[in-house]
Amino acid sequence: MISSQRKRHRFIWVMIGVLLPLLVVLAVLRTPSFPYSEKAEIVAETSLPILKEIESDLFKINLRGTSDGAEELELLLKVPLKSPSAVVFDDQQNVLGQIGASGVYRFPIRPANKAITIKDPIKNQIITEIKL
Amino acid sequence: MGLDYQLVLWNKQKKRYDLVLFLFIVIYLLGFAVVTFTTNANTSLETLIIRAFGSLAILMLHIILMIGPLTRIDKRFMPLLYNRRHFGVLMFLMAAVHGVFSIIQFHTLGNVNPIVSIFTSNLDYNSLTNFPFQVLGFLALIILFLMAATSHDFWLANLSAKTWKALHMAVYLAYTLVILHIFLGAFQQETSPLLLGLVGLGATIIVALHIFAGFKEVKVDQAKVSEEDGWHYVCSVEDIKENRAKMTTCAGERVAIFKYEGKLSAVHNVCRHQGGPLGEGKIVDGCITCPWHGYQYLPGNGQSPPPFTEKVETYNLKLVGNKVYIDPKAHAPGTPVDPIKI
Amino acid sequence: MLKSTLIILIVIFGVYVLIGFLFGLYFIFKGAKQIDPLIAESKFSVRLLLFPGTIATWPFLITKIFKK
């Protein structure tokens, strides 16, 4: 390298060394914390009887449970969502889990749960709300 | 050096380098797939491709950025430097697969043009921490494309050295954008401390290496030089090996003083091809030969032998007893200077 | 306002790429030889390899061709 290139490299890397950790720390602080683990618990494959079914163009929901009430929310996503991240919340804003590609998702839920909200936490937008 | 342009100037070392790279890529992708399907069998193929190629591209970019400073710190890393170009182009291809699949997966489902969707699905450009991360990734990919597309020797020759170098230094901007793309994107969901720690460690190592190597060069630049009537003392004649060079610094620039056929000549240390250190090369068939890619210069005038046209600056030398002195004022590139006889 | 500005910038980018593509077709067949004689001695596959870079840097190349 010639002398001017060496100086430019030094300047750039000192700047990166200062700015990058600052920006990263800000981004990490902003990261939403989920009350549950980010992986949905895998509920039994051969499942409980279906108590209720809800269907739309986007999804099919089966509420499965026993006579005591619903215990499992089975969500069949028919087409992938437009949002790169979609988190499912119950009616008390507890995280049930994440969904993405089309397929079957199963989340444990409280029997008293009345609705779910699917939200994009990055864009802070509600994708859809479903009354159960 | 050649009389025409080739697709790639293949040699044994390059073929070996590329084979190792190719195997590394295949092993990484297969390993990633195995781990993914073992830990989460529900992962879709598109998600797997996006994550596998994205993480591979980041890993490759980290390694590429370490090569430069590592070679300055220890010459044993030199073999990694010679074919860094191929490494860079392959890394861009991995990033491009990640980018294309991401655009298809996340931006082609609506009635909005996918490129417009990348920039307009999240309009929070005023926020520092909520900045649309997809845009950061897209811009980084454009920079990497520009670099890959102009990595052939034709562009080095025809874009002007200054333009080409400025374009390729944009890799540092691309790196910053990629790190932010990760921390504002994937990490918003994948909050595993292990992944966070790995990327953080990678960035720390790269920054530390560059700053360390940079300030090591400052020491060389600022080395005290003994001066006499405007001439700088370099060394004694015996300190220079036959057909090799001794390097010194003149007005911030590195200069190589070659001993050959009972004579001494001094030229600027930086090769016109890709900035290789001429002083680390040797005299072959009467020509200074760059250790990186074999570009040659006549020691008496700093010119490449005809029909080649590259030129480097030359310097006056004088001998007082067995002490070698250099005039720090450089002549224009290609200026003949009579070599001094030992 | 922001959205319209972004869309305009994206359209300009698209036009840049389109011009680059069209110029690239001329460049690989004829233009390259005008600015670098070594290209005339090189295989056509080399010029094809230069095509993406031509799309990216066509303003520089057009300026060089006019200067020659």
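Reading the values: rules and limits
- Residues numbered from 1 in each chain as written.
- Chains lettered and ligands numbered in written order.
- Predicted model: local features only at pLDDT ≥ 70, side-chain atom pairs only at ≥ 80, totals over all residues.
- Heavy atoms only, no water.
- Helix = DSSP H or I, 4+ residues; strand = E, 2+ residues; numbered from the N terminus.
- Buried < 20%, exposed > 50% of the residue type's maximum accessible area, 1.4 Å probe, protein only.
- Contact = heavy atoms within 4.5 Å.
- Areas by Shrake-Rupley, 256 points an atom, 1.4 Å probe, with all protein chains shown as cover.
- Core = buried A, V, L, I, M, F, W, Y, C linked by side-chain atoms within 4.5 Å.
- Domains from an automatic or database assignment.
- Phe/Tyr/Trp six-rings, centres within 6.5 Å; stacked < 30°, edge-to-face > 60°.
- Lys NZ or Arg CZ within 6 Å of the ring centre and 35° of its normal.
- Polar contact = N/O pair within 3.5 Å; in protein donor to acceptor, adjacent residues only side chain to side chain.
- Buried area = accessible area lost by both parts, 1.4 Å probe.
- Salt bridge = Lys/Arg side-chain N within 4 Å of Asp/Glu carboxyl O.
- Pairing = 2+ DSSP bridges.
- Axes fitted to C-alpha atoms, helices over the stretch in contact; angles between N-to-C directions.
- pLDDT = per-residue confidence, 0-100.
- Expected span 1.5 Å × (residues − 1).
- Bend = angle between axes of the 7 residues up to and from the residue.

J.: Is there a simple way to explain the overall build of chain A in this structure?
T.: Counting its secondary structure elements, chain A contains one helix and eight strands. Element order for chain A, N to C, with α for helix and β for strand: α-β-β-β-β-β-β-β-β. Among the 132 residues that make up chain A, the fraction classed as buried is 40%. Contacts in chain A between residues at least 24 apart in sequence constitute 45% of all its contacts with a sequence separation of at least 6. If you sum the accessible surface of chain A, you get close to 7,200 Å²; carbon and sulfur atoms cover 58% of it.

J.: How should the nonpolar core be read in this particular structure?
T.: If you look at soluble globular proteins, the nonpolar side chains tend to sit buried side by side. L20 of chain A together with Y175 and I179 of chain B are the most contacted members of the largest nonpolar core, which has 68 residues in total. At twelve residues, helix α2 (residues 45-73) of chain B tops the list of elements feeding residues into this core. Each of domain 1 (4-220) and domain 2 (227-341) of chain B contributes no fewer than three residues to this core. Judged by nonpolar contacts, the second largest core, of 20 residues, contains I61, L63, I99 and I116 of chain A.

J.: Please explain the arrangement of the chains as it appears in this structure.
T.: Looking across the two pairs of chains in contact, one finds the most contacts between chains A and B. One finds no contact linking chain A with chain C; the least C-alpha distance across the pair is 16 Å.

J.: Explanation requested: unusual backbone geometry in the structure shown.
T.: Negative phi characterises most residues that are not glycine, and trans characterises most peptide bonds. All names here are of chain B. Look at N243: it is not a glycine, yet its phi comes out positive at around 65°. Its place among the elements puts N243 in the loop between β2 (231-236) and β3 (245-250). Overall, N243 belongs to the partly exposed group, its relative accessible area being 30%. Residue E261 is not a glycine yet carries a positive backbone phi of 50°. You can see E261 is positioned in the loop between β4 (253-260) and β5 (263-268). With relative accessibility at 57%, the residue E261 sits in the exposed group.

J.: Hey, could you run me through the packing of aromatic side chains in this one?
T.: Aromatic ring pairs are described here by two measures, namely the spacing of the ring centres and the angle between the planes. Counted under the stated rule, the structure contains 16 aromatic pairs over all chains. Ring geometry for Y17 of chain B against F87 of chain B: centres 6.5 Å apart, planes inclined by 80°, an arrangement best described as edge-to-face. With a gap of 70 residues between them, Y17 of chain B in helix α1 (residues 12-39) and F87 of chain B in helix α4 (residues 84-107) connect regions that are remote in the sequence. With respect to burial, Y17 of chain B and F87 of chain B carry one shared label: buried. On the basis of an interplanar angle of 45° and a centroid distance of 6.4 Å, the ring pair of F24 of chain B and Y28 of chain B is categorised as tilted. Of this pair, F24 of chain B and Y28 of chain B both sit in helix α1, separated by four residues, roughly a single helical turn. Linked through ring pairs, F154 and W155 of chain B together with F23, Y26 and F27 of chain C together constitute an aromatic cluster. Cation over ring: K119 of chain A sits above F89 of chain A, and NZ or CZ is 5.4 Å from the ring centre. The ring of Y325 of chain B is capped by K318 of chain B, whose NZ or CZ atom sits 5.7 Å from the centre of that ring.

J.: Looking at this model, I keep getting lost on the environment of F106 of chain B. Mind explaining?
T.: Position of F106 of chain B among the secondary structure elements: in helix α4. As a C-alpha pair, F106 of chain B and T176 of chain B span 70 residues in sequence and 23 Å in three-dimensional space.

J.: Sorry, what's going on with the side chain of N113 of chain A here?
T.: Mapped onto the fold, N113 of chain A is located in the loop between β6 (103-108) and β7 (115-120). Polar side-chain contacts of N113 of chain A include one of 3.0 Å to the backbone nitrogen of D91 of chain A.

J.: Just to check I follow, could you spell out the interface of chain C and chain B for this structure?
T.: Where the parts come together, the accessible area they lose is often given as the size of the interface. Counting residues at the interface gives 26 residues for chain C, matched by 24 residues for chain B. Overall, the association of chain C and chain B removes approximately 2,100 Å² of surface from exposure, summing both partners, and the carbon and sulfur fraction of that is 79%. In this assembly, chain C and chain B are joined by zero salt bridges. On the surface where chain C and chain B come into contact, there are two residue pairs in polar contact (both at pLDDT 80 or more).

J.: Please clarify how the sheet that holds strand β4 (residues 86-89) of chain A should be interpreted in this entry.
T.: Strands belonging to one sheet form pairs held by backbone hydrogen bonds; the direction of such a pair is parallel or antiparallel. Residue and element names in this part refer to chain A. Spatial ordering of the open sheet is given by β5-β4-β7-β8, a layout of four strands whose pairing is antiparallel. Of all strands in the sheet, those with a lone pairing partner are β5 (95-99) and β8 (125-131), marking the two edges. Strand after strand, the sheet turns through a mean of 20° between neighbouring axes, direction not considered. The pairing of β4 with β7 spans three bridges and is antiparallel. Within β7, the position partnered with V87 by the bridge is K119.

J.: What am I meant to see in the pairing of β4 of chain A here?
T.: The two faces of a sheet get side chains in turn, since along a regular strand they alternate between them. All names here are of chain A. Burial along β4 is two-sided: A86 and V88 facing one way and V87 and F89 facing the other are all buried. Direction of pairing for β4 relative to β5: antiparallel, over a ladder of four bridges. Residue pairing for β5: V88 is matched across the bridge by G97. Linkage of β4 to β5, two consecutive antiparallel strands, is achieved through a turn of five residues, within which Q93 is found at a positive phi near 60°.

J.: Would you explain the pattern of salt bridges in this entry?
T.: A side chain with one charge may pair with a side chain of the opposite charge, provided their charged atoms come close. Here the structure, examined in full by the defined rule, presents 17 salt bridges over all chains. Among the ionic pairs, D221 of chain B bridges to R6 of chain A, the shortest N-O distance being 2.9 Å. Of this pair, D221 of chain B sits in helix α10 (residues 193-221) while R6 of chain A sits in helix α1 (residues 3-30), which puts the two residues in different chains. Since its relative accessible area comes to 22%, D221 of chain B is described here as partly exposed. When its relative accessible area of 6% is taken as the criterion, R6 of chain A is described as buried. With a closest N to O distance of 4.0 Å, R64 of chain A and E72 of chain A form a salt bridge.

J.: I would appreciate a short explanation of the confidence of the model for chain C in the present structure.
T.: A low pLDDT score tells you not to read the predicted coordinates there in detail. In this model, chain C carries a mean pLDDT of 88, and residues with pLDDT of at least 70 account for 100%. Complex prediction metrics read pTM 0.81 and ipTM 0.91.

J.: How do you make sense of helix α1 (residues 2-35) of chain C when you look at a structure like this?
T.: Between the first and last C-alpha of α1 of chain C there are merely 41 Å, a value that for 34 residues lags more than 12% behind the 50 Å anticipated at 1.5 Å per step. Of all the bends found along α1 of chain C, the most pronounced is centred on F27 of chain C and spans about 70°. Among the residues of α1 of chain C, L6, I10, G20, F23, G24, F27, I28, G31, A32 and I35 of chain C are the ones counted as buried. Looking at the packing, one finds that the buried side of α1 of chain C touches α5 (114-120) and α7 (153-158) of chain B together with α2 (37-40), α3 (44-49) and α4 (51-67) of chain C.

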